Amino acid sequence: MFRNRLSIEADVYYKKTKDMLLHADVPSQIGSYRQWQNIGQVDNKGFELTINTVNIQKRNFTWSTSLNFNLNRNKVVSLGDVSSIPVKVAGGHITEVGRVMVGHPIGSGWGYVFDGIYQQSDFDERGNLKEGVPSFAGITVKPGDMKFKDIAGNDNVIDPNNDKTVIANSDPKHFGGMTNSFTFKNFDLSFMFQWSYGNDIINYTRKKLEGMDGRYNNITTVLDRWTPENPDAKLPRADRNSNSTAFSDRWVEDGSYLRIRDLTIGYTLPRNLLRGVASINVFVSFENLYTFTKYTGNDPSIGGGIDNNLYPTSRKYSLGVSLTF
């Protein structure tokens, strides 16, 4: 198309994955409580677009672009005889940060919806909650504790059976990359952008470091915690017996990012300087040079949607020579 200066490739797919291996409950009479069975089903559908262009093609200057754009949506169709499976964090004291649920994407976070911090104005002179202010099941809340939304809206009591909901989706709305390549006389330059947009990340590392429950060291953000003298603080009070361990969307962050994935600058020596080789290209390259993101963790490009002390992507610098004989 356009004298081979433009090519477009588009693919639409819909895939049903059946008979996925899952642990299923079985009668104890057979000698075990659980058994691997082919009972799961997940549907995936999406769109992939690749565009390659030669923008400028002159004797001493060229510019070409390659773009790929991807959409993917998945949905759990069947989990056998159960409607959901809890997602746990290894070594964590919170047993459920997500759920694999029928009718929802695989990477769904599960928890309470954070609704601010209890203030002294929420209590009467006896220290009891005023009428209309939700309580928390199993814990006597105090000023400075976390407040959550009453999802059920029927008893004004926050409890795990009725007031948890989907709070995150680790699947991006779209993702992709774009590469631009330039040549000017003997110089060459190429750079690649990589992006992901609309995905959520459960920052479990921040959950541990801001928990103030005595299990881990804390980071400096806890200095802005609730006290009677600091009622407008961003964080609740420090107390291991409070509801600070209750998991909520307070630790869910936007995982969108734009990254300079690769940058390479090179120079090809003039032919009249060469002896015994066809070409010599001297180059310097940078990998994972910089990431633009609002995510507060180490790396937004983690897989699975849960950041539990994951090691970040390393930045690399290279200097090299390419020889062609």
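Residues numbered from 1 in each chain as written. Predicted model: local features only at pLDDT ≥ 70, side-chain atom pairs only at ≥ 80, totals over all residues. Heavy atoms only, no water.

## Section: the pattern of salt bridges
A complete count under the given rule lists eleven salt bridges for this structure. Across the salt bridge formed by Lys-16 and Asp-43, the nearest N and O atoms sit 3.3 Å from each other. In this pair, Lys-16 sits in strand β1 (residues 6-25) while Asp-43 sits in strand β2 (residues 34-57), placing the two residues 27 residues apart along the sequence. Judged by relative accessible area, Asp-43 falls into the buried class, the value being 8%. (Salt bridge = Lys/Arg side-chain N within 4 Å of Asp/Glu carboxyl O. Helix = DSSP H or I, 4+ residues; strand = E, 2+ residues; numbered from the N terminus. Buried < 20%, exposed > 50% of the residue type's maximum accessible area, 1.4 Å probe, protein only.)

## As for a positive patch on the surface
Residues Lys-45, Arg-73, Lys-75 and Lys-173 make up a contiguous surface patch of positive charge. If you trace the backbone, Lys-173 turns up in the loop between β11 (165-169) and β12 (174-184). For Lys-173, a relative accessible area of 47% translates into the label partly exposed. (Patch = residues over 30% accessible without salt bridge, like charges linked within 9 Å, V, L, I, M, F, W, Y side chains within 5 Å. Areas by Shrake-Rupley, 256 points an atom, 1.4 Å probe, with all protein chains shown as cover. Lys, Arg positive; Asp, Glu negative; His and termini not counted. Charge placed at Lys NZ, Arg CZ, Asp CG, Glu CD.)

## With respect to a nonpolar patch on the surface
Where nonpolar side chains cluster on the molecular surface, the patch consists of Val-282, Leu-319, Val-321, Leu-323 and Phe-325 and spans about 560 Å² of accessible area. In terms of residue count, strand β19 (residues 316-324) provides more of the nonpolar patch than any other element does, three residues in total. Mapped onto the fold, Val-282 is located in strand β17 (residues 279-293).

## Points about the sheet that holds strand β15 (residues 252-254)
The strand order across the open sheet built from three strands is β15-β14-β18, with neighbouring strands paired in mixed fashion. In this open sheet, the two edge strands, each paired with only one partner strand, are β15 and β18 (306-307). Judged from the two bridges that link them, strand β14 (residues 200-203) and β18 form a sheet pairing that is parallel. Looking at β18, one finds that Asn-203 is bridged to Asp-307. (Pairing = 2+ DSSP bridges.)

## Brief notes about the side chain of Asn-199
With respect to the element layout, Asn-199 can be found in the loop between β13 (187-197) and β14. Asn-199 gets classed as buried once you look at its relative accessible area, which sits at 6%. Look past the residues within four positions of Asn-199 in its chain and what remains in contact with it is Asn-169, Ser-170, Asp-171, Pro-172, Glu-253, Asp-254, Gly-255, Ser-256 and Pro-300. (Contact = heavy atoms within 4.5 Å.)

## Considering the environment of Val-100
Here Val-100 lies in strand β5 (residues 98-101). A residue is classified by how much of its surface remains accessible, and Val-100, at 19% relative accessible area, is buried. When the C-alpha positions of Val-100 and Asp-171 are compared, they lie 13 Å apart, and in sequence the two are 71 residues distant. Contact partners of Val-100, with chain neighbours within four places excluded, come to Val-76, Leu-79, Ser-83, Ser-84, Ile-85, Val-87 and Ile-106.

## Observations regarding the nonpolar core
Counting residues in each nonpolar core, the largest one holds 20 residues, and the members touching the most others are Val-97, Tyr-112, Phe-136, Phe-148 and Phe-247. Counting only elements with at least two residues in this core, the list comes to β9 (146-148) and β11. Leu-22, Val-42, Val-76 and Val-100 belong to the second-largest nonpolar core, a separate cluster that totals five residues. (Core = buried A, V, L, I, M, F, W, Y, C linked by side-chain atoms within 4.5 Å.)

## Quick look at the side chain of Asn-180
Following the sequence through the fold, Asn-180 ends up in strand β12. Of note is the side chain of Asn-180, whose polar atom sits 2.8 Å from the side chain of Trp-63. Of the polar contacts made by the side chain of Asn-180, one reaches the side chain of Thr-65; its length is 2.6 Å. If we skip the residues at most four places from it in the chain, Asn-180 touches Trp-63, Ser-64, Thr-65, Leu-189, Ser-190 and Phe-191. (Polar contact = N/O pair within 3.5 Å; in protein donor to acceptor, adjacent residues only side chain to side chain.)

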